[in-house]
Amino acid sequence: MSVASETTPSLIVFGRDESNKPHASVFLLPQVEAAEGAARLMGMHSHRVDPGDSPEIVMRLPAGKLFDSGKAFVPFVKGELYTRIVTLAGVADEPRQRSAGETGADSPESASAGSPEGVAGHAEGDGGGGQGHNGGLADPWAGLAVGSIVLASEGPEEGYFEARIMKVKAKGMFTLKFRDYPEAPQVDRAYYQLGLIHPRMLTKS
């Protein structure tokens, strides 16, 4: 197998989660069979693509990751791109079915508070104890601690996922582990890169 073929995007894994949010990622040729198995295990769709097929779709997709558990990391994508994938694959656009062994507490969107843009911004000048845009309460970022659940992104082209704070570091930095992807490595993020989940949603997790 040539180096070129080993790095050729050859499979799209895609589907909607139980909150109807679209996910999709692309896998390379050596990963095709394992990624197809992951798609079945996760209740998602898969579609094989030939070299050069639909580059306007394939080249816009984030790379997926395979885990030892047999599942895969399939990030959020924009609705417009997802619609094009569905049309390309010729499948019905429908919410993902819960896969075997999943429970409501462990499903990807069980405690999602929606887009991080909807979270009140970090109040400047509060000193950690003033009253800002959070109903007269103290700065919510000041209350983050080990065990807190926040929203974090793997990169600028990917969506936000629930993550648990594993370590509080100096200068507003946190070490996180993505909640629904336990095999993924831990990452460091600054407080201003995190989204907060409303406490009412956290009580459901």
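Residues numbered from 1 in each chain as written. Predicted model: local features only at pLDDT ≥ 70, side-chain atom pairs only at ≥ 80, totals over all residues. Heavy atoms only, no water.

Caption draft 1: The nonpolar core, seen in detail. Grouped together as the largest cluster of nonpolar side chains are 17 residues, with contacts concentrated most on Leu144, Val150, Leu176, Phe178, Tyr181 and Leu194. Elements with a minimum of two residues in this core: strand S6 (149-153), strand S7 (160-168) and strand S8 (173-178). Formed by 13 residues, the second largest nonpolar core is a distinct cluster that contains Ile12, Val77, Tyr82 and Val86. (Core = buried A, V, L, I, M, F, W, Y, C linked by side-chain atoms within 4.5 Å. Buried < 20%, exposed > 50% of the residue type's maximum accessible area, 1.4 Å probe, protein only. Helix = DSSP H or I, 4+ residues; strand = E, 2+ residues; numbered from the N terminus.)

Caption draft 2: Examining the environment of Ile12 more closely. Here Ile12 lies in strand S1 (residues 9-16). For the pair Ile12 and Val32, spaced 20 residues apart in sequence, the C-alpha separation works out to 9.0 Å. Non-local contacts of Ile12, meaning those with residues more than four positions away in its chain, are made with Ser25, His45, Ser46, His47, Val49, Ile57, Val58, Leu61, Ile85 and Leu88. (Contact = heavy atoms within 4.5 Å.)

Caption draft 3: Spatial organisation of the packing of aromatic side chains. In total, this model carries eight aromatic pairs according to the counting rule given. When the ring of Phe73 is compared with that of Phe161, the centres are 5.3 Å apart and the planes differ by 50 degrees; the resulting orientation is tilted. Of this pair, Phe73 sits in strand S5 (residues 72-73) while Phe161 sits in strand S7, placing them 88 residues apart in sequence. Here the two residues Phe73 and Phe161 agree in accessibility, since each one is buried. Ring geometry for Phe73 versus Tyr181: centroids 4.7 Å apart, planes at 85 degrees, classification edge-to-face. Placement of Phe73 in strand S5 and of Tyr181 in the loop between S8 and strand S9 (187-190) is noted, with a sequence separation of 108 residues between them. Judged by its relative accessible area of 2%, Phe73 is buried. Under the relative-accessibility criterion, Tyr181 is labelled buried at 8%. Here a set of aromatic residues connected by ring pairs shows up, and it is made of Phe67, Phe73, Phe76, Phe161, Phe178 and Tyr181. (Phe/Tyr/Trp six-rings, centres within 6.5 Å; stacked < 30°, edge-to-face > 60°.)

Caption draft 4: Layout of the sheet that holds strand S2 (residues 22-28). Pairing is antiparallel in the open sheet, where three strands are placed in the order S2-S1-S3. A strand with exactly one partner marks an edge of an open sheet, and here the two such strands are S2 and strand S3 (45-48). When strand polarity is set aside, the average angle formed by the axes of neighbouring strands in this sheet is 20 degrees. The sheet contacts of helix H4 (residues 79-89) involve S1, S2 and S3, and relative to S1 the element is tilted by about 115 degrees. (Pairing = 2+ DSSP bridges. Axes fitted to C-alpha atoms, helices over the stretch in contact; angles between N-to-C directions.)

Structural measurements only, silent on function.
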